[in-house]
Amino acid sequence: MTVYKLFSRVLLSTLLGIAVTACSGGADYTAHDITGVMPDLEFKLSNEQGEAVTADDYDGRLKLLFFGYTNCPDICPATMARIRAALGGLDEQDRDDIDVLFLSVDPKRDTPERLQRFTSSFGPNMVGLTGTQEQLKALTKRYRVTYGYGEPNDNGFYLVSHSSAIFVFGPDDRSRLLINQQESVDEITADLKTLLGQLD
């Protein structure tokens, strides 16, 4: 089992164990409804322009939060591509009301310029964020995920373990959905359409 799958399974097991307290409002999702289970979106980070930002800067929009890093060889680019494809199935107006927050847990290598190059390759909805180790640890603890660094090779390259889940927050910053790696592009699109309809 890869470290990515292990983190994903641990996270899903934790959430499923307490998901009975979530309020689904009768909506039918493929993703896990985490409304009322996870805390509201809250952070202090830096964006891909090197500016200090908080969750308040993205109020009024649906937000998809994904933890990763730009040197990721597989999960991150594949997940970002799935998100881009899923957003492509939405009406333009709905798509324009969504931000994808790609949060790098590798601030040592992921400079603002590198983040911007990475996110821009996946479309205009993508926003690169990162922070200090203190900020990252506070945020990952808040959402019950972890990250860690592998041993550098002879060239100084190292892998980073991180959550593979996609967290979805409403325009009011409330937690709404947890999308896992097994959910297809069409299922993600359908879930976002359902959620947007619930928020109207």
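Given the structure is predicted, the values throughout are model-derived calculations rather than measurements.

1. With respect to the overall build of the chain
Link 1 in the chain: For the chain, the count of helices and strands is 6 helices and 10 strands.
Link 2 in the chain: Considering only intrachain contacts with a sequence separation of at least 6, the fraction spanning at least 24 residues in the chain is 73%.
Link 3 in the chain: When the accessible surface of the chain is split by element, carbon and sulfur atoms take 49% of a total near 9600 Å².

2. A short note on unusual backbone geometry
Link 1 in the chain: Located in the positive-phi region is arginine 144, a residue other than glycine, with phi close to 60°.
Link 2 in the chain: You can see arginine 144 is positioned in the loop between α5 (133-142) and β7 (148-149).
Link 3 in the chain: Relative accessible area serves as the criterion here: at 37%, arginine 144 is assigned to the partly exposed category.
Link 4 in the chain: One non-glycine residue with positive phi stands out, namely aspartate 173, at about 75°.
Link 5 in the chain: By secondary structure assignment, the location of aspartate 173 is in the loop between β9 (166-169) and β10 (175-179).

3. Notes on a negative patch on the surface
Link 1 in the chain: A cluster of like negative charges, contributed by Glu51, Asp56, Asp57 and Asp59, occupies part of the molecular surface.
Link 2 in the chain: Residue placement: aspartate 56 occurs in the loop between β3 (52-54) and β4 (62-68).
Link 3 in the chain: On the basis of relative accessible area, aspartate 56 is assigned to the exposed category, the value being 56%.

4. Considerations on the pattern of salt bridges
Link 1 in the chain: Using the criterion set out here, one finds 6 salt bridges in the structure.
Link 2 in the chain: Glutamate 42 is paired through a salt bridge with arginine 142; the nearest N and O atoms lie 3.6 Å apart. Taken together, the positions of glutamate 42 in the loop between β1 (32-33) and β2 (44-47) and arginine 142 in helix α5 put the pair 100 residues apart, joining distant regions of the chain.
Link 3 in the chain: We note a salt bridge from arginine 176 to aspartate 172, for which the minimum N-O separation is 3.4 Å.
Link 4 in the chain: Classification of aspartate 172 as partly exposed rests on a relative accessible area of 42%.

5. Thoughts on the sheet that holds β3
Pairing between the strands of a sheet is mediated by backbone hydrogen bonds and can be parallel or antiparallel.
Link 1 in the chain: Strand order across the open sheet formed by 8 strands is β1-β10-β9-β4-β5-β6-β2-β3, with mixed pairing between neighbours. Each having just a single partner strand, β1 and β3 make up the two edges of the open sheet.
Link 2 in the chain: As judged from the 3 bridges shared by β2 and β3, these two strands associate in the antiparallel manner. In the strand pairing of β3, lysine 44 is matched with threonine 54.

6. Quick look at the packing of helix α2 (residues 75-88) against helix α6 (residues 185-199)
Link 1 in the chain: Running from N to C, α2 and α6 cross one another at 55°; their axes reach a closest spacing of 8 Å. Taken together, the axes of α2 and α6 lie oblique to each other. At the point where α2 passes α6, the crossing takes the right-handed sense. Where α2 abuts α6, its residues Arg82, Ala85, Ala86 and Leu87 lie against Val185, Ile188, Thr189 and Leu192.

7. A closer look at the packing of aromatic side chains
Link 1 in the chain: All chains considered together, the criterion is met by 9 aromatic pairs.
Link 2 in the chain: When the centroid spacing of 5.9 Å and the interplanar angle of 50° are considered together, the rings of tyrosine 143 and phenylalanine 167 count as tilted. Of this pair, tyrosine 143 sits in the loop between α5 and β7 while phenylalanine 167 is found in strand β9, placing the two residues 24 residues apart along the sequence.
Link 3 in the chain: Relative accessible area serves as the criterion here: at 0%, tyrosine 143 is assigned to the buried category.
Link 4 in the chain: Joined through ring pairs, the aromatic side chains of Phe66, Phe102, Phe118 and Phe122 make up one cluster.
Link 5 in the chain: Over the ring of phenylalanine 157 we find arginine 109, and its NZ or CZ is 5.3 Å from the ring centre.
Link 6 in the chain: Here the guanidinium or amino end of arginine 109 rests over the ring plane of tyrosine 158, the centre of that ring lying 3.6 Å away.

Rules used throughout
- Residues numbered from 1 in each chain as written.
- Predicted model: local features only at pLDDT ≥ 70, side-chain atom pairs only at ≥ 80, totals over all residues.
- Heavy atoms only, no water.
- Helix = DSSP H or I, 4+ residues; strand = E, 2+ residues; numbered from the N terminus.
- Contact = heavy atoms within 4.5 Å.
- Areas by Shrake-Rupley, 256 points an atom, 1.4 Å probe, with all protein chains shown as cover.
- Buried < 20%, exposed > 50% of the residue type's maximum accessible area, 1.4 Å probe, protein only.
- Patch = residues over 30% accessible without salt bridge, like charges linked within 9 Å, V, L, I, M, F, W, Y side chains within 5 Å.
- Salt bridge = Lys/Arg side-chain N within 4 Å of Asp/Glu carboxyl O.
- Lys, Arg positive; Asp, Glu negative; His and termini not counted.
- Charge placed at Lys NZ, Arg CZ, Asp CG, Glu CD.
- Pairing = 2+ DSSP bridges.
- Axes fitted to C-alpha atoms, helices over the stretch in contact; angles between N-to-C directions.
- Parallel < 35°, antiparallel > 145°, perpendicular 65-115°, else oblique.
- Left-handed = near helix turned anticlockwise from the far one by under 90°.
- Phe/Tyr/Trp six-rings, centres within 6.5 Å; stacked < 30°, edge-to-face > 60°.
- Lys NZ or Arg CZ within 6 Å of the ring centre and 35° of its normal.

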